[in-house]
Amino acid sequence: APAPPPARHLFSDPAEVEALRRNLLAWYDRCKRDLPWRALAATEPDADRRGYAVWVSEIMLQQTQVATVIDYYARWMQKWPTLQALAQASLEEVNELWAGLGYYSRGKRLQEAARKVVSELAGRIPRTAEDLQKLLPGVGRYTAGAIASISYGQATGVVDGNVIRVLCRLRCVGADSSSPGVIDWLWDMANVLVDRSRPGDFNQALMELGATVCVPKSPLCGECPVKQHCQAWRRKLFGKAPPVPDVEDCGLGDCPLCPPATEPWDSSLGVTNFPRKAAKKPPRAMRTATCVLERRGCHRAPEYLIVQRSSSGLLAGLWEFPSVPLAQDLQEEKEKEELADHLQAWTGRPVAAKALQFIGEVIHIFSHIHQTYVVYSLHLDGDVTLDPALSPSRWVTEDEFHASAVSTAMKKV
């Protein structure tokens, strides 16, 4: 069995825990950002509406910055102010509103969960983190803890990227912070720390601290309300400062939370020695040929063909210009031939590769994919009958294109 971490990595002194809670909440009350979902959570008397408001915000905030989410959140809550309204919406409507937020499966799962609450749970959102995670698709451990603590007052901790950073610095946790064992220890710490009388505010305060003060680079340690509890800060100031032992003095190299012996403390980094993560795998490179097919509509205005992607996988259910994946290092003529063969299915007529006009390349970075779109255009004369047996497709004007559920990558194209 692995050796348990020494007490210095944990929060074992009740007096220190209470002081940390008090200082952090006082700072939060003074300095918290005015965000729309916080206002709704604080003023909405109906428990299910409150839970829904927090739920939507937490799903949107996954992998997306606050500044980007604010406008999307306002439009979402205006269009679907209740969980029942969302349950009645179509996936197409959800995708259209979500377009540009990225990670599109989030919106799909949110709607699936809303429908489940209405059809199977009598419209009542589960009240505990355990039930939220067990019963609702797309709700993981963090989201469940956030909804349960903020909306329903359950004294349960939360661990997201901001909390990981704060806790790792507070307790000099230098092991790989993305490893399952370290994550479990951080959840234990979060559950010890959470304030029992104001769990939602405390969790938001911890996340706010990581988002605005204890940031990844150039943290504002002088403004930190809990720096006196931060072992990384003490280490930066004093080095080996009794009674706080040095990181390397944690044992005989078997501490599960210490930095590996091959990566000792770097004094030039200060508190940003923590957290430490395993090196990310580089995103895989992909190339896709895509064609903007244009025709003249009934009023002679240009129209463009868009087709719907599969209901699963990357960008599921979104609309795009006809596209085909390419092998790496294909010559341009071979790329055009493959795209022309693909387009023939949509146009119902042979497409000459030489008719395709090369426009340029568009690069779009997904979290795990470095995607290059090789963009061509083709103007079609005469009417084109689309085969209903193929994936859904339609002709749209430029305005209709931008109002459709299309990805940011396709807007770049």
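Residues numbered from 1 in each chain as written. Predicted model: local features only at pLDDT ≥ 70, side-chain atom pairs only at ≥ 80, totals over all residues. Heavy atoms only, no water.

- Under an unreviewed UniProt entry, the protein chain has the name Adenine DNA glycosylase and belongs to Loxia leucoptera.
- Database annotation for the protein chain, UniProt heading Catalytic activity (unreviewed entry): "Hydrolyzes free adenine bases from 7,8-dihydro-8-oxoguanine:adenine mismatched double-stranded DNA, leaving an apurinic site." (UniProt positions renumbered as here; feature names shortened; annotations may be inferred.)

Quick notes on the domain arrangement of the protein chain
Move 1: What the domain assignment lists for the protein chain is domain 1 (7-273) and domain 2 (284-403).
Move 2: One C-alpha centre belongs to domain 1, the other to domain 2, and the line joining them spans 40 Å.
Move 3: If you look at the interface, domain 1 gives six residues, while domain 2 gives ten residues.
Move 4: Summing the contributions of domain 1 and of domain 2, the shared interface buries around 560 Å²; its carbon and sulfur component is 45%. (Domains from an automatic or database assignment. Contact = heavy atoms within 4.5 Å. Buried area = accessible area lost by both parts, 1.4 Å probe.)

Re a negative patch on the surface
Move 1: A contiguous patch of negative charge, built from Glu332, Glu333, Glu337 and Asp341, is present on the exposed surface.
Move 2: Here Glu332 shows up in helix H14 (residues 332-347).
Move 3: Glu332 sits in the partly exposed class, given a relative accessible area of 37%. (Patch = residues over 30% accessible without salt bridge, like charges linked within 9 Å, V, L, I, M, F, W, Y side chains within 5 Å. Areas by Shrake-Rupley, 256 points an atom, 1.4 Å probe, with all protein chains shown as cover. Salt bridge = Lys/Arg side-chain N within 4 Å of Asp/Glu carboxyl O. Lys, Arg positive; Asp, Glu negative; His and termini not counted. Charge placed at Lys NZ, Arg CZ, Asp CG, Glu CD. Helix = DSSP H or I, 4+ residues; strand = E, 2+ residues; numbered from the N terminus. Buried < 20%, exposed > 50% of the residue type's maximum accessible area, 1.4 Å probe, protein only.)

Comments concerning helix H11 (residues 180-193)
Move 1: Look at H11: 20 Å from first C-alpha to last across 14 residues, which is about the 20 Å you get at 1.5 Å a residue.
Move 2: Listed as buried for H11 are Val182, Leu186, Trp187, Met189, Ala190 and Leu193. With its buried residues spanning 160 degrees around the axis, H11 presents them on a single face.
Move 3: On the buried face of H11, the contacting elements are helix H1 (14-31), helix H9 (141-152), helix H10 (161-170) and helix H12 (199-212). (Expected span 1.5 Å × (residues − 1). Arc of directions from axis to C-beta.)

Brief notes about the nonpolar core
Move 1: Residues Tyr52, Trp55, Met60, Trp76, Leu167 and Leu209 are the most contacted members of the largest nonpolar core, which totals 103 residues.
Move 2: Lining this core are residues from two domains, each supplying at least three of them: domain 1 (7-273) and domain 2 (284-403).
Move 3: Excluding anything up to four places from it in sequence, Leu209 contacts Leu24, Trp27, Val166, Cys214, Cys224, Pro225 and Val226.
Move 4: One finds Val351, Leu356, Val374 and Tyr376 within the second-largest nonpolar core, a separate group that totals 19 residues. (Core = buried A, V, L, I, M, F, W, Y, C linked by side-chain atoms within 4.5 Å.)

A look at the packing of aromatic side chains
Move 1: The tally for this structure, following the rule as stated, stands at five aromatic pairs.
Move 2: Ring centres of Trp76 and Trp80 lie 4.7 Å apart, and the angle between their planes is 75 degrees; on these two criteria the pair is classed as edge-to-face. As far as the burial class goes, Trp76 and Trp80 line up, both buried.
Move 3: Ring centres 5.1 Å apart and planes at 10 degrees place the aromatic pair Phe321 and Phe401 in the stacked group. Placement of Phe321 in the loop between strand S3 (319-320) and strand S4 (323-326) and of Phe401 in helix H15 (residues 398-403) is noted, with a sequence separation of 80 residues between them. Both residues of the pair, Phe321 and Phe401, belong to the buried class.
Move 4: Across the ring face of Phe11, the terminal group of Arg171 is positioned such that the distance to the ring centre comes to 4.0 Å.
Move 5: The ring of Trp319 has Arg394 lying over it, and the distance from NZ or CZ to the ring centre is 4.2 Å. (Phe/Tyr/Trp six-rings, centres within 6.5 Å; stacked < 30°, edge-to-face > 60°. Lys NZ or Arg CZ within 6 Å of the ring centre and 35° of its normal.)

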